[in-house]
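Reading the structure
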Amino acid sequence: EAGVTQSPTHLIKTRGQQATLRCSPISGHTSVYWYQQALGLGLQFLLWYDEGEERNRGNFPPRFSGRQFPNYSSELNVNALELEDSALYLCASSLVLAGAVEQYFGPGTRLTVT
Amino acid sequence: AQTVTQSQPEMSVQEAETVTLSCTYDTSESNYYLFWYKQPPSRQMILVIRQEAYKQQNATENRFSVNFQKAAKSFSLKISDSQLGDTAMYFCAFMKQWTKGAQKLVFGQGTRLTINP
């Protein structure tokens with residue numbers, strides 16, 4: 001069974017540009033979560049999508065947005081990039097089922113803003 | 001809001017020793033889950049162990065066990081017979097209980113564990 005995949009592995013952008021990160025969940029998983037892992041700030045919850053809907057959002061500005069497609073893959077968009085957006089962005093997926101609380105993580109996308 | 005605190009930024013032990021990583025959390029929820037995740041240098045986050053708050057028995061997974069103290073809001077991870085492959089960042093995480101399964105995770109700052117040969 002294929003795990004969670006993310007693309008690209010690395011992304012280098014300049015300040016003010018837009019970045020698009022992609023995530024494919026494990027087959028059968030309908031929930032996708034995005035987390036930001038910035039140096040010195042630990043892992044922060046960004047967004048949660050389930051069945052195409054945004055279920056919850058972390059304490060991030062509106063220039064962080066995303067969507068979930070009918071095949072449950074997801075895209076994270078970061079507009080007007082700032083230097084502090086440089087981080088590892090992790091995607092995770094899970095089943096939507098009582099008791100199925102484990103989130104399975106992808107390898108991450110390293111975003112560097114120069 | 002929930003918070004998770006890991007007070008040990010770094011730890012280092014010799015191979016085969018036992019090591020305990022500390023975690024405390026703050027919540028007003030009575031039903032929740034606690035997790036320890038491992039992130040090796042490859043960056044892949046791997047679930048090590050999980051604990052349901054309603055269970056009094058401490059979870060164990062092979063060499064990994066937890067000491068869950070609900071009243072004290074403490075959730076430590078013990079690694080027995082440590083191995084070089086245990087070298088990684090370890091994150092403690094909290095999740096509110098939800099009828100449909102998983103919810104967002106709230107992570108601690110992490111503890112960097114190094115196992116020395």
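Worth saying up front: this structure is predicted, and the values here are computed from it rather than measured. (Residues numbered from 1 in each chain as written. Chains lettered and ligands numbered in written order. Predicted model: local features only at pLDDT ≥ 70, side-chain atom pairs only at ≥ 80, totals over all residues. Heavy atoms only, no water.)

**Re the pairing of strand 6 (residues 46-52) of chain B**
Along any regular strand the residues' side chains alternate between the sheet's two faces. Residues and elements named next belong to chain B. Looking at chain direction, strand 5 (residues 32-39) and strand 6 are connected through six bridges and run antiparallel. Bridging from a neighbouring strand, Lys38 pairs with Ile46 of strand 6. Once strand 5 ends, the chain turns through six residues before running back antiparallel as strand 6, passing Arg43 with a positive phi of about 80°. (Pairing = 2+ DSSP bridges. Helix = DSSP H or I, 4+ residues; strand = E, 2+ residues; numbered from the N terminus.)

**A word on the pattern of salt bridges**
It is possible for side chains of opposite charge to pair when their charged atoms get near one another. Scanning all chains against the criterion turns up ten salt bridges over all chains. With a closest N to O distance of 3.9 Å, Glu52 of chain B and Lys55 of chain B form a salt bridge. Judged by its relative accessible area of 38%, Lys55 of chain B falls in the partly exposed class. When salt bridges with common partners are traced through the structure, they connect Arg22, Arg67 and Glu75 of chain A into a single cluster. (Salt bridge = Lys/Arg side-chain N within 4 Å of Asp/Glu carboxyl O. Buried < 20%, exposed > 50% of the residue type's maximum accessible area, 1.4 Å probe, protein only.)

**Focus: the packing of aromatic side chains**
Residues and elements named next belong to chain B. Tallied over the entire structure, the rule returns 16 aromatic pairs over all chains. With a centroid separation of 5.4 Å and 65° between ring planes, the pair formed by Tyr25 and Tyr32 is classed as edge-to-face. Here Tyr25 falls in the buried class, since its relative accessible area comes to 5%. Seen in terms of ring centroids, Trp36 and Phe75 are 6.2 Å apart; in terms of plane orientation they differ by 20°. Their pairing is stacked. Taken as a pair, Trp36 in strand 5 and Phe75 in strand 9 (residues 74-79) lie far apart in primary sequence, 39 residues in all. Exposure remark for Trp36: the relative accessible area of 0% places this residue in the buried category. (Phe/Tyr/Trp six-rings, centres within 6.5 Å; stacked < 30°, edge-to-face > 60°.)

**Considerations on the sheet that holds strand 1 (residues 5-7) of chain A**
Residues and elements named next belong to chain A. On the basis of which strands lie adjacent, the open sheet formed by four strands has the order 1-3-8-7 and antiparallel pairing. Every interior strand has two partners, whereas the edge strands, strand 1 and strand 7 (64-68), have only one. Mean inter-strand twist for the sheet, computed between neighbouring axes without regard to direction, equals 20°. Looking at chain direction, strand 3 (residues 19-24) and strand 8 (residues 74-78) are connected through five bridges and run antiparallel. Looking across to strand 8, one finds that Leu21 is bridged to Leu76. (Axes fitted to C-alpha atoms, helices over the stretch in contact; angles between N-to-C directions.)

**Some details on the interface of chain A and chain B**
With 29 residues of chain A at the interface, the matching set in chain B holds 21 residues. Both faces considered, chain A and chain B share a buried interface measuring about 2,100 Å² in area, 55% of it formed by carbon and sulfur atoms. Contact with chain B buries surface across chain A, with Leu43, Val101 and Phe105 of chain A losing the most and accounting together for 31% of the total. Linking chain A to chain B there are zero salt bridges. The interface formed by chain A and chain B contains seven residue pairs in polar contact (both at pLDDT 80 or more). Contributions of two or more residues to the side of chain A that touches chain B are made by strand 4 (31-38), strand 5 (42-50) and strand 9 (87-94) of chain A. (Contact = heavy atoms within 4.5 Å. Buried area = accessible area lost by both parts, 1.4 Å probe. Polar contact = N/O pair within 3.5 Å; in protein donor to acceptor, adjacent residues only side chain to side chain.)

That's the geometry; what it means functionally is another story.
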